[in-house]
Number of protein chains: 2
Amino acid sequence: MKKSPLQKARAAYQPKLPVVLTGPVKVVEGEATTSVADQEAIKNLFPETYGLPEIKFEKRTTPVAGKPVNVGVILSGGQAPGGHNVICGLFDGIKKLHRDSRLYGFLMGPGGFVDHNYMELTSAIIDEYRNTGGFDIIGSGRTKLEKVEQFDKGLEILRELNIAALVIIGGDDSNTNAAVLAEYYKSINAGVQVIGCPKTIDGDLKNDVIETSFGFDTATKVYSEVIGNIQRDCNSAKKYYHFIKLMGRSASHIALECALQTQPNICIISEEVEAKNMTLQDIVNSIADVVARRAADGKNFGTVLVPEGLIEFIPAVKKLIAELNDMLAANGDEFAAVAPAEQRAWVIAHLSKENAAVYESLPAGVARQLTLDRDPHGNVQVSLIETEKLLSEMVKKRLEEMRAEGKYNGKFSPLHHFFGYEGRCADPSNFDADYCYALGFNASCLINAGVTGYMSSVRNLNKPSVQWQAGGIPITMMMNMERRNGELKPVIQKALVRLDGVPFRKFEEKRDEWALNTCYVYPGPIQYFGPAEVCDQPTLTLKYEHQGK
Amino acid sequence: MKKSPLQKARAAYQPKLPVVLTGPVKVVEGEATTSVADQEAIKNLFPETYGLPEIKFEKRTTPVAGKPVNVGVILSGGQAPGGHNVICGLFDGIKKLHRDSRLYGFLMGPGGFVDHNYMELTSAIIDEYRNTGGFDIIGSGRTKLEKVEQFDKGLEILRELNIAALVIIGGDDSNTNAAVLAEYYKSINAGVQVIGCPKTIDGDLKNDVIETSFGFDTATKVYSEVIGNIQRDCNSAKKYYHFIKLMGRSASHIALECALQTQPNICIISEEVEAKNMTLQDIVNSIADVVARRAADGKNFGTVLVPEGLIEFIPAVKKLIAELNDMLAANGDEFAAVAPAEQRAWVIAHLSKENAAVYESLPAGVARQLTLDRDPHGNVQVSLIETEKLLSEMVKKRLEEMRAEGKYNGKFSPLHHFFGYEGRCADPSNFDADYCYALGFNASCLINAGVTGYMSSVRNLNKPSVQWQAGGIPITMMMNMERRNGELKPVIQKALVRLDGVPFRKFEEKRDEWALNTCYVYPGPIQYFGPAEVCDQPTLTLKYEHQGK
């Protein structure tokens, strides 16, 4: 593996562990916990692991003799910067417990666990991946660990390798599955602990006890770097509107953080669109209004951030998609026989009046995507819709209407971008390098403490890393019941952007000024070696959320 | 203007000037020069400025008393990282000559010169822009300075402001125009010097005397950062083919440099496509072949770099476009009346047999783009063609044929990216910060030397910046005659990728290995504060070109 000069230099970086984890720890148990909602239902589903106490580690003055422990680790779901450091921290942690401890990585996600594909992670391998981005050390995958047969199959390999604890690094769904697995193994006295680690660039796995998921910091910094560069270009050429879609699934955390970092002219927050019951046309009109006001001021350029999940949050489009799914499921054969030129009229004739009107209001290309690009279950593939192009096309149309009414007199040249894959595997920022290493190292302490069904928790993250607190949170504590594919399921509550939270309020306070003036900020690339105020800042989201506490 | 922490820290960076420019200089003249081709024609067109000697600056032991000088500066064409530092170096240079010197910036490109829109650049303004990306200090524009009326109009404002020298920061065309302007002003004894500076991220303004244009270093590092990140994602998820189109106009320098930096599975070089007379289908087949061979090895993922200018270099497509332009110009009205569903057949019927066959081989979407998306002159807008999608669509089709023949058994999921605006206004790398500052400072020395029609030249760039050489090159020396819009014009010869050059040969040597194995390199983000081997490396193109000398 040929390494870049930066990789070579970064390999030497020693993540700064919280002081409490630098020596032997003692376990301090808090009160028994309850789930965030649906307590009775969750308690019934998790009789073995419900109501466990929060755990906090404190320094212990006397050393303890550790025993060797074999641990398995799984990377689950989409990549996030710092995953390798979780594994490195876990490795160093169990080696510190006892040098004969072993770490096994299951390959390509939970599938490797079920299918018994694994490798031992030796120190030679680990050292190749310190402070690097990506999940390529063992690969990741999206197989869902949900069925007892999978759990039993996995247990075979755990027994074969004498593995006493399994660490699952994943997002909300993967940690939900970790809790179910922990409960199951405890119920059958399998003798295997299960520990989760909060991973996702989307930032939607957080709550009162988990301050942020890892990867969010680095990914938003990479996106902010390129958004800033585009904004500087925009402000130099003064002739384009850049519509920039950002990954992040349903929640708009990434778009909001990037907006706070770069101060674009417009940033749409899906959660606000839903709360205000806005239509697609409302959004388009609000963008066109800003474009027209800037044009009146001689500014025919600007930037618009669009969260990936937007389309699902527009109540009218959500209803349309739901009816389309049902209608096409029921009439799929008939639809398939309709000639392409007739399809639009056919769809309109088969929809309720309200949804037909929404469908008619969509540009032809998007309307076609809604009926043609369907997944194997027959559902619309919302993530494939190029929302950034949809919006710019509709804004253009709206501006022509405004021009005819004498309300707009400018030029509108849109350009489009979508950022996602650029940030998921970036080299972790100092924050993520430290946070991930601490999460992994801390997981080894939870393993040593003998607990199961816990998520590794490192808090106080707005402070320098040496001051961070370490401990564990019972996963059941974060759960509620939600409908998934028609069934009520226990799941970790997904964190959406809170409209009463400080990050959104800060954005709301400033956005009118950012819209009309040009207040772009240019964050530049992530720095690893410079002054602390450049290299060691957490996200503004984290900072503002701490202010709100 | 709110500044990011990195901007604040970078403002303090003092670019490292070549030693020769740190004190008074003496002018050493070389031999009289000749143009690279068409000597007689160029000489006739530039009687005043042809045949001037190369100039080299050397240290002078005795100080000289400088006089105040008023200088004008123009940013011309597309943005490139470091433009602000050229202006900062120029400002510091003329202030060092005499503290009463003044610098005027013409706004939004050459148009500001012709229309007398300008601002004085004071030290308070200059200090806000040191080591920053973008051209926003005075803006840029694409107005071409070609006509005597423009030159005369500009001269009015130069006289009004008592400006003795004009510095034009631009690419090959802008520097060509600078030479024409210098010749004209000299021929009328206007008493105004004109100096050019070599700017373009595309890397196509270079020759035996200009080692590289500024901005190429930073832009290719930004693209390599995100390509590296995508490759790490690609190698972690192991399920996508990423087709990545890169800016760079006609030449493939950017794609080649990024390939050398990141070692993708495939990189197409337009110049090679043309030299080998490859068809679009040849390119598609070669990609499909790599995809199939990787699939046979269990690898259903990869990366493909595509230079922006590719489509124009495919001889068959070039011919098709030429005929389409002529045919639609002659039959535009008739075509406009053809119903959309009939257009394809109509176009095929109106083309020669050879071009009709090429047209038929194109995917429907691209074929439609070729006939519909035309510029105001009626020409096909090649840059709007989404070559990355065109290629992946055709590769997919080809793979299905191969599957039917039993030659392919894999999965092919393409994703698409286009990078350009992300890099044009990035904060300059240390290399570009130093190089640009030196180019600007050096321009002040050329002004003080009283010359006109020269390009600021800083060489020996593979060495540390203190060892760089400084001087001036007569712009006419880089010229030849080329056909532009049907007329023979004197222009600076554009540098395409040389297939016999060391950069391409290094790529050629390795590409088979990179195609089948996974040899990705992850350069990471530009660093400003770390060890020299991370922060101060020039491009591999520059390094290899020096090896070839």
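Each remark here, short or long, concerns the structure printed above.
These figures come from a predicted structure and were not determined experimentally.

Draft legend 1. Quick look at the overall build of chain A. Counting its regular elements, chain A contains 22 helices and 15 strands. Each of the 549 residues in chain A was classed as buried or not, and the buried ones make up 61%. A fraction of 78% describes how many contacts in chain A between residues 6 or more apart in sequence connect residues 24 or more apart. Carbon together with sulfur atoms contributes 49% to the accessible area of chain A, which is approximately 21000 Å² in total. Put simply, chain A has 61 plus and 67 minus side-chain charges, and the middle of one group is 5 Å from the middle of the other.

Draft legend 2. Region of the structure containing the relation of the copies chain B and chain A. When chain B is brought onto chain A, the operation consists of a screw motion whose angular component is 180° and whose axial shift is 0.0 Å, with 0.1 Å RMSD remaining. Taken together, the rotation angle and the small translation identify this as a two-fold axis. Most of the interface of chain B is mirrored in chain A, where 100% of its interface residues are also at the interface.

Draft legend 3. Inspection of the pattern of salt bridges at higher detail. Under the definition given, this model contains 52 salt bridges over all chains. For B:Glu120, the salt bridge identified is with B:Arg102, shortest N-O distance 2.8 Å. Pair noted here: B:Glu120 is in strand 5 (residues 118–120) and B:Arg102 is in strand 4 (residues 102–106), with a separation of 18 residues, a long-range link. Since its relative accessible area comes to 37%, B:Arg102 is described here as partly exposed. For B:Glu400, the salt bridge goes to B:Arg403, with nearest N and O atoms at 3.2 Å. One end of the pair, B:Glu400, and the other, B:Arg403, are both in helix 17 (residues 387–404), three residues apart, so they sit about a helical turn from each other. Here the residues in one salt-bridge network are A:Glu386, A:Lys389, B:Glu386 and B:Lys389, joined through shared partners.

Draft legend 4. Molecular detail of the environment of B:Ile348. Residue and element names in this part refer to chain B. You can see isoleucine 348 is positioned in helix 14 (residues 340–349). Considering only alpha carbons, one finds isoleucine 348 and tyrosine 104, 244 residues apart in sequence, at a separation of 55 Å. Residue contacts for isoleucine 348: discarding those within four places in its chain leaves Ala356, Tyr359 and Glu360.

Draft legend 5. Molecular detail of the sheet that holds strand 3 (residues 70–75) of chain A. All names here are of chain A. Sheet architecture is open: nine strands sit in the order 1-2-13-12-7-6-3-4-5, paired in mixed fashion. Edge positions in the sheet fall to strand 1 (25–32) and strand 5 (118–120), since each of these pairs with one other strand and no more. Neighbouring strand axes in the sheet, compared pairwise and without regard to direction, differ in orientation by 25° on average. Here helix 19 (residues 430–448) sits on the sheet and contacts strand 1, strand 2 (53–59), strand 3, strand 6 (163–170), strand 7 (193–198), strand 12 (454–459) and strand 13 (469–474); the angle it forms with strand 12, its principal contact strand, is near 130°.

Draft legend 6. Layout of the interface of chain B and chain A. Each partner contributes residues to the interface: chain B has 59 residues there, and chain A has 59 residues. For the chain B and chain A pair, buried surface summed over both sides reaches about 4500 Å², with 54% attributable to carbon and sulfur atoms. At the surface where chain B touches chain A, the tally comes to six salt bridges. Remark: the boundary between chain B and chain A carries 26 residue pairs in polar contact (both at pLDDT 80 or more). Of all the elements in the fold, those that place two or more residues in the side of chain B that touches chain A are helix 1 (5–11), helix 8 (216–237), strand 11 (414–419), helix 18 (421–424) and helix 21 (532–535) of chain B. Across the side of chain B that touches chain A, the residue classes break down as 26 nonpolar, 18 polar and 15 charged.

Draft legend 7. Structural context of the packing of aromatic side chains. For the structure shown, the criterion picks out 32 aromatic pairs over all chains. With 6.2 Å between their ring centres and 90° between their planes, B:Phe243 and B:Phe412 make a pair best called edge-to-face. Of this pair, B:Phe243 sits in strand 8 (residues 241–246) while B:Phe412 sits in the loop between helix 17 and strand 11; the two residues are 169 residues apart in sequence, bridging distant segments of the chain. On the accessibility criterion, B:Phe412 (10% relative accessible area) is buried. Residues B:Phe431 and B:Tyr435 carry aromatic rings whose centres are separated by 5.6 Å and whose planes lie at 35° to one another, so their mutual orientation is tilted. Residue B:Phe431 and its partner B:Tyr435 are located together in helix 19 (residues 430–448), separated by four residues, close to a single helical turn. For the residue pair B:Phe431 and B:Tyr435, the accessibility class agrees, reading buried in each case. Three or more aromatic residues joined by ring pairs form one cluster here, namely A:Tyr104, A:Phe106, A:Phe113 and A:Tyr118. Positioned above the aromatic ring of A:Tyr13, the side-chain terminus of A:Arg10 is 4.3 Å from the ring centre. In this arrangement the basic side chain of B:Arg294 is found over the ring face of B:Phe301, its NZ or CZ atom lying 5.0 Å from the centre.

Draft legend 8. Geometry of the packing of helix 11 (residues 280–296) of chain B against helix 20 (residues 502–516) of chain B. All names here are of chain B. Remark: helix 11 packs on helix 20, axes separated minimally by 9 Å, with the N-to-C direction vectors making an angle of 50°. In terms of orientation, helix 11 lies oblique with respect to helix 20. Within the contact between the two elements, helix 11 uses Val290, Arg293 and Arg294 and helix 20 uses Trp514, Ala515 and Leu516. Of the residues assigned to the contact of helix 11 with helix 20, the class counts are four nonpolar, no polar and two charged.

Draft legend 9. Spotlight on the sheet that holds strand 10 (residues 302–307) of chain A. Residue and element names in this part refer to chain A. A sheet is described by the order of its strands in space; here four strands give the open sequence 9-10-8-11, paired in parallel fashion. If you trace the sheet from one side to the other, it starts and ends with strand 9 (266–267) and strand 11 (414–419), each paired once. Sheet analysis places strand 8 (residues 241–246) next to strand 10, joined by six bridges and oriented parallel. The residue of strand 10 that forms the bridge with lysine 245 is valine 306. Those strands touched by helix 9 (residues 253–262) are strand 8, strand 9 and strand 10, and its axis lies near 155° from that of strand 10.

Draft legend 10. Structural view of helix 11 of chain B. Residue and element names in this part refer to chain B. A rise of 1.5 Å per residue sets the reference length of helix 11, with its 17 residues, at 24 Å; its end C-alpha atoms lie 24 Å apart and thus fit the reference within 8%. Every buried residue of helix 11 is accounted for by Leu280, Ile283, Val284, Ile287, Ala288, Val290, Val291, Ala292, Arg294 and Ala295. Remark: glycine 298 follows helix 11 within two positions and exhibits a positive phi of approximately 85°.

Draft legend 11. Structural context of the side chain of A:Ser270. All names here are of chain A. Summarising the element assignment, serine 270 is placed in helix 10 (residues 270–275). The exposure class of serine 270 is buried, given its relative accessible area of 0%. Ignoring any residue separated from it by four or fewer positions in sequence, one finds serine 270 in contact with Ser250, Ser252, Pro307, Gly309, Leu310 and Phe313.

Draft legend 12. The side chain of B:Asn480, seen in detail. When you line up the elements, B:Asn480 lands in strand 14 (residues 479–484). Owing to a relative accessible area of 7%, B:Asn480 belongs among the buried residues under this scheme.

Draft legend 13. Looking closely at the pairing of strand 7 of chain A. Residues and elements named next belong to chain A. With six of six residues buried, strand 7 lies mostly within the body of the structure. Burial of strand 7 is two-sided: the residues Gln193, Ile195 and Cys197 facing one way and the residues Val194, Gly196 and Pro198 facing the other way are all buried. Across six bridges, strand 6 lies against strand 7 in parallel orientation. The residue of strand 7 that forms the bridge with leucine 166 is valine 194. Each parallel crossover has a hand, and for strand 6 linked through helix 7 (residues 172–187) to strand 7 it is right-handed. Looking at chain direction, strand 7 and strand 12 are connected through two bridges and run parallel. Its bridge partner being in strand 12, isoleucine 195 is matched across the sheet by tyrosine 454.

Draft legend 14. Structural view of the packing of helix 11 (residues 280–296) of chain A against helix 17 (residues 387–404) of chain A. All names here are of chain A. The N-to-C vectors of helix 11 and helix 17 enclose an angle of 65°; their axes lie 9 Å apart at closest approach. Here helix 11 and helix 17 pass one another in a crossing that is right-handed. For the pair helix 11 and helix 17, the contacting residues are Leu280, Gln281, Ile283, Val284, Asn285, Ile287, Ala288, Val291 and Ala292 in the first and Leu390, Leu391, Met394, Val395, Arg398, Leu399 and Met402 in the second. Along the lines of polarity and charge, the residues of the contact of helix 11 with helix 17 split into 13 nonpolar, two polar and one charged.

Calculation notes
- Residues numbered from 1 in each chain as written.
- Chains lettered and ligands numbered in written order.
- Predicted model: local features only at pLDDT ≥ 70, side-chain atom pairs only at ≥ 80, totals over all residues.
- Heavy atoms only, no water.
- Helix = DSSP H or I, 4+ residues; strand = E, 2+ residues; numbered from the N terminus.
- Buried < 20%, exposed > 50% of the residue type's maximum accessible area, 1.4 Å probe, protein only.
- Contact = heavy atoms within 4.5 Å.
- Areas by Shrake-Rupley, 256 points an atom, 1.4 Å probe, with all protein chains shown as cover.
- Lys, Arg positive; Asp, Glu negative; His and termini not counted.
- Charge placed at Lys NZ, Arg CZ, Asp CG, Glu CD.
- Least-squares fit on C-alpha atoms with pLDDT ≥ 70 in both.
- Salt bridge = Lys/Arg side-chain N within 4 Å of Asp/Glu carboxyl O.
- Pairing = 2+ DSSP bridges.
- Axes fitted to C-alpha atoms, helices over the stretch in contact; angles between N-to-C directions.
- Buried area = accessible area lost by both parts, 1.4 Å probe.
- Polar contact = N/O pair within 3.5 Å; in protein donor to acceptor, adjacent residues only side chain to side chain.
- Nonpolar A, V, L, I, M, F, W, Y, C, P; charged D, E, K, R; others polar.
- Phe/Tyr/Trp six-rings, centres within 6.5 Å; stacked < 30°, edge-to-face > 60°.
- Lys NZ or Arg CZ within 6 Å of the ring centre and 35° of its normal.
- Parallel < 35°, antiparallel > 145°, perpendicular 65-115°, else oblique.
- Expected span 1.5 Å × (residues − 1).
- Right-handed = clockwise from strand over helix to strand, strands pointing away.
- Left-handed = near helix turned anticlockwise from the far one by under 90°.

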